[in-house]
Amino acid sequence: YDNDPKNGETYGAIYNWFAMADPRGIAPEGFRVANDFDWADLYSFLKIGINNYPDLGLAGMRLKSTHSWINHGNGLDIYGMSILPGGLRLLNGSFEGIGSSLGLWSRDTTYSYSLSAANRSYYVYFQSNQSDMLFQNENTRTGHYIRCIFGVEPIINLDSAPIKTQEELDKEIMNKSLYFKQKKM
């Protein structure tokens with residue numbers, strides 16, 4: 001933040017999307033940058049959670065640190081993720097939001113480095129005045145932090161053909177449905 005090494009000691013480094021998505025890898029050996037599916041799984045877990053607060057939008061509150069957030073924005077840090085409000089870097093190169101916000105890049109699972117959405121990608125956003133975590137779409141030249149996860153990137157084959165066509169699935173449903181069987185008679 002502000003290219004000040006002191007801020008880096010507290011909050012870590014801010015990366016643009018290209019540094020985060022570089023195929024040479026930014027994560028330490030044995031780790032990887034959290035991807036879209038990882039964030040979606042975490043969000044689903046936190047919405048259900050072990051304390052079962054359905055649909056109250058408390059995901060961010062459960063992950064944010066118990067200190068450093070302005071305007072009474074401190075979290076509960078239930079799972080030890082200690083999300084700190086390190087701010088972000090804007091498209092024009094300036095910085096904003098230290099004390100009140102944080103963005104964490106989400107590694108795309110739909111696009112490769114060379115086939116990215118060209119200039120936009122997703123990140124997870126935490127804000128002082130929000131108790132939830134938000135999924136935002138942002139220019140890839142802006143700067144956000146990253147979170148790494150232990151393990152290898154799962155292989156996701158989006159090019160494979162479905163096991164059954166939609167027509168086959170529809171026929172199967174119609175053949176098994178009591179409604180359609182009664183209508184045929």
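Being a predicted model, the structure only gives us computed values, none of them experimental.

Peer 1: Would you mind showing me how to read the pairing of strand E3 (residues 95–98) here?
Peer 2: The side chains of a regular strand alternate between both faces of the sheet. In this sheet, E3 lies alongside strand E2 (residues 86–89) in antiparallel orientation, the contact comprising three bridges. Across the sheet, the residue bridging to Gly86 is Ile98, located in E3. The antiparallel hairpin formed by E2 and E3 contains five residues in its connecting segment, where Gly93 sits at a positive phi of about 95 degrees.

Peer 1: Please clarify how unusual backbone geometry should be interpreted in this entry.
Peer 2: Residues apart from glycine generally show negative phi values, whereas peptide bonds are mostly found in trans. Residues other than glycine seldom take positive phi values, yet Asp2 does so here, at roughly 55 degrees. Along the polypeptide, Asp2 turns up in the segment before helix H1 (5–11). Positive phi values are uncommon outside glycine, yet Ser82 reaches one of about 45 degrees. With respect to the element layout, Ser82 can be found in the loop between helix H4 (59–63) and E2.

Peer 1: Help me understand the confidence of the model for the protein chain, please; the structure alone is not making it clear to me.
Peer 2: Per-residue confidence for the protein chain averages 81 on the pLDDT scale, and 72% of its residues sit at or above 70. Mean pLDDT values over the elements of the protein chain span from 47, in helix H6 (residues 178–184), up to 97, in E3.

Peer 1: Just checking my understanding: could you explain the packing of aromatic side chains for this structure?
Peer 2: Between two aromatic rings, the relevant description is the distance of the centres plus the angle of the planes. A full pass over the atoms with the stated rule returns seven aromatic pairs. Between Tyr123 and Tyr125, the ring centres sit 6.0 Å apart and the planes meet at 80 degrees, which makes this aromatic pair edge-to-face. By relative accessible area, Tyr123 is classed as buried at 6%. Residue Tyr125 is classed as buried on the basis of its relative accessible area, which comes to 13%. Here the aromatic residues Trp105, Tyr123 and Tyr125 are joined through ring pairs into a cluster of three or more. We note Lys64 situated over the ring of Trp69; from NZ or CZ to the ring centre the distance is 4.6 Å.

Peer 1: Teacher, can you tell me more about the pattern of salt bridges here?
Peer 2: Close approach of charged atoms allows side chains of opposite charge to pair. Counted under the stated rule, the structure contains two salt bridges. For Asp22, the salt bridge identified is with Arg24, shortest N-O distance 2.4 Å. A relative accessible area of 17% means that Asp22 is categorised as buried. The salt bridge involving Asp38 is made with Arg32; its shortest N-O contact spans 2.6 Å.

Peer 1: Help me out: how do you make sense of the nonpolar core in this one?
Peer 2: It is characteristic of soluble globular proteins that their nonpolar side chains tend to be buried jointly. Residues Trp39, Leu63, Ile83, Leu102, Leu104, Phe126 and Met133 are the most contacted members of the largest nonpolar core, which totals 18 residues. Elements with a minimum of two residues in this core: helix H3 (36–48), H4, strand E4 (101–105) and strand E5 (120–127). No other element matches H3, which puts three residues into this core. In contact with Leu102, other than residues within four places in its own chain, are Trp69, Ile83, Leu84, Pro85, Gly86, Gly87, Val124, Tyr125, Phe126 and Tyr145.

Reading the values: rules and limits
Residues numbered from 1 in each chain as written. Predicted model: local features only at pLDDT ≥ 70, side-chain atom pairs only at ≥ 80, totals over all residues. Heavy atoms only, no water. Pairing = 2+ DSSP bridges. Helix = DSSP H or I, 4+ residues; strand = E, 2+ residues; numbered from the N terminus. pLDDT = per-residue confidence, 0-100. Phe/Tyr/Trp six-rings, centres within 6.5 Å; stacked < 30°, edge-to-face > 60°. Buried < 20%, exposed > 50% of the residue type's maximum accessible area, 1.4 Å probe, protein only. Lys NZ or Arg CZ within 6 Å of the ring centre and 35° of its normal. Salt bridge = Lys/Arg side-chain N within 4 Å of Asp/Glu carboxyl O. Core = buried A, V, L, I, M, F, W, Y, C linked by side-chain atoms within 4.5 Å. Contact = heavy atoms within 4.5 Å.

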